[in-house]
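Residue-level structural notes
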Amino acid sequence: MESQDVPDGPEPHRGFICASFNQDTTGTQMYKRTEQTGHQRSLSVGTKTGYRLFSVTAVDKLDCIHEGVECPDVYIVERLFSSSLVVVVSLSMPRRMNVYHFKKGTEICNYSYSNNILSVRLNRQRLVVCLEESIYIHNIKDMKLLKTLLNTPTNPSGLCALSVNHSNSYLAYPGSATIGEITVYDANNLSTLTLIQAHDSPLAALTFNASGTKLASASEKGTVIRVFSVPEGQRLFEFRRGMKRYVSISSLSFSADAQFLCASSNTETVHIFKLEQHSPSQDEESPTWSAYVGKMFTAASTYLPTQVSDMMHQDRAFATVRLNMFGLKNICALATIQKLPRLLVASSDGFLYIYNVDPQDGGECVLVQKHRLFDSSEEQVEQSEEDKPEDVSPQPASQSYAATVALPSTPPSSTTLMGYSEDGGAQKGEVIPEHEFAEGPVCLDDENEFPPVSNQSN
């Protein structure tokens, strides 16, 4: 039976907790370099019984490269590119972060914090942990705590973004709990760069492009998406997702070349926007009827109220995807697979959807493959066990919209230490997070992994 025959659409999979794409999927490697260096487009899926890491090597091929059941109910796992380094947070211990080498099955170190961990971000230089009212910045080479940003505006979803370009390591997080202000922080030099007045209502989504030179944002209303230059904070683009209803943006993601930006929400539509500047000379060279009308609107906008004028200057979606679902949690990413642009959508219904994207004409994207993330036998087992009584694990106050998959390990003991970072990592007299030291520099022995960083050119 086709799922579209069901009026309400698919339901969330019982075993699904979270999912995320790694940095190699979300735009850090162009296709040619990915093929040369062995970087993987990776999808991580967290379940009630464990976690799975998938490699997306071809449209019709989804390989499960790692699976574990030792640590259930994990709501955050961030994988460092295609390396074996993963950061794990479990619902059973939401204040504790464990850093693992998952291929060896060993723990590198762990930290405990004063409140629930809501999100974790990392690149090859920094590891950032976001709590509701504080942010911790670690040096990923030795996991040393470098800086604690205390008393940040209340951030119940743990919203933040870290540039995957480690040469700048820009960090973006809400600068206000009541309006859409963005604080851009230099996590390498440990200093604030700029404040961006992005939206009138509180922020809901943030993402950098691969080079860290552009920052996209959406507010809780979800109708307008804006793109700013970094570190200047100048508004470059403004896109209107819709007008009829407010939505909750669940993910934003740039393409590798930053020419496209996709946005998914709790609705049935994924929007893809094209970042292109409209030059006046092009309009003159092609004096079409639509160009003429556009000029008329532009001229008229100078006499209209600001809100109406802004709406007339906002670009609409270049391409769209109509999902067969509504209200389900999902994440999206733009990637080049087999030399063609694709849109990947991982949904809490337990499937990965792959669509073709026409980079020239846009329009409605075509579904080319649908991969099952759970075996049918697992679904039967879960259904037979759903009536069994089970202990309810303590839930964090709020989960990040980009919460990721988990990895198991036996937690070691922790000790409380003072003055671990260069500046204490906290205000005078405050205890920094409990932790176990990393034994020397974090060196992964996997070929073509961090460190060192490959400098191979295209």
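This write-up is about the structure you can find in this document. Fair warning: this is a prediction, and the values are worked out from it, not measured in the lab.

Turning our eyes to something else, we now look at the sheet that holds strand E24 (residues 319-322). By way of backbone hydrogen bonds, the strands of a sheet pair with one another, either parallel or antiparallel. The strand order E21-E22-E23-E24-E28 describes an open sheet built from 5 strands, whose pairing is mixed. Here the strands that pair on one side only, and so sit at the sheet edges, are strand E21 (249-254) and strand E28 (363-364). Where E21 meets strand E22 (residues 260-265), 5 bridges bridge the pair, whose relative direction is antiparallel. Bridge assignment links Leu 252 to a residue of E22, and that residue is Ala 263.

Here the focus is the state of the cysteines. Applying the stated criterion across every chain yields a total of 0 disulfides. Between Cys 160, a cysteine without a disulfide, and Cys 130, which holds the nearest cysteine sulfur, the sulfur-to-sulfur distance is 4.5 Å. Residue class for Cys 160 comes out buried when judged on its relative accessible area of 1%. Of all cysteine sulfurs, the one in Cys 332 lies closest to Cys 262, which takes part in no disulfide; the gap is 3.3 Å. For Cys 262, a relative accessible area of 0% puts it in the buried group.

On to the environment of Glu 67, then. Secondary-structure assignment places Glu 67 in strand E4 (residues 61-68). The class of Glu 67 is partly exposed, set by a relative accessible area of 46%. Along the backbone, Glu 67 and Ser 44 are 23 residues apart, and their C-alpha atoms lie at a distance of 10.0 Å. Among all residues touching Glu 67, those that are not within four sequence positions of it are Tyr 51 and Arg 52.

Following the criterion strictly, the structure yields 5 salt bridges and no others. In this structure, the salt-bridge partner of Arg 52 is Glu 67, at a minimum N-O distance of 3.3 Å. Of this pair, Arg 52 sits in strand E3 (residues 51-58) while Glu 67 sits in strand E4, and the two are 15 residues apart along the sequence. A relative accessible area of 8% means that Arg 52 is categorised as buried. With a shortest N-O distance of 3.9 Å, Asp 63 and Lys 61 are connected by a salt bridge. Residue class for Asp 63 comes out partly exposed when judged on its relative accessible area of 28%. For Lys 61, a relative accessible area of 43% puts it in the partly exposed group. Connected through shared salt-bridge partners, Arg 226, Arg 235 and Glu 238 make up one network.

The rules behind the values
Residues numbered from 1 in each chain as written. Predicted model: local features only at pLDDT ≥ 70, side-chain atom pairs only at ≥ 80, totals over all residues. Heavy atoms only, no water. Pairing = 2+ DSSP bridges. Helix = DSSP H or I, 4+ residues; strand = E, 2+ residues; numbered from the N terminus. Disulfide = S-S within 2.5 Å. Buried < 20%, exposed > 50% of the residue type's maximum accessible area, 1.4 Å probe, protein only. Contact = heavy atoms within 4.5 Å. Salt bridge = Lys/Arg side-chain N within 4 Å of Asp/Glu carboxyl O.

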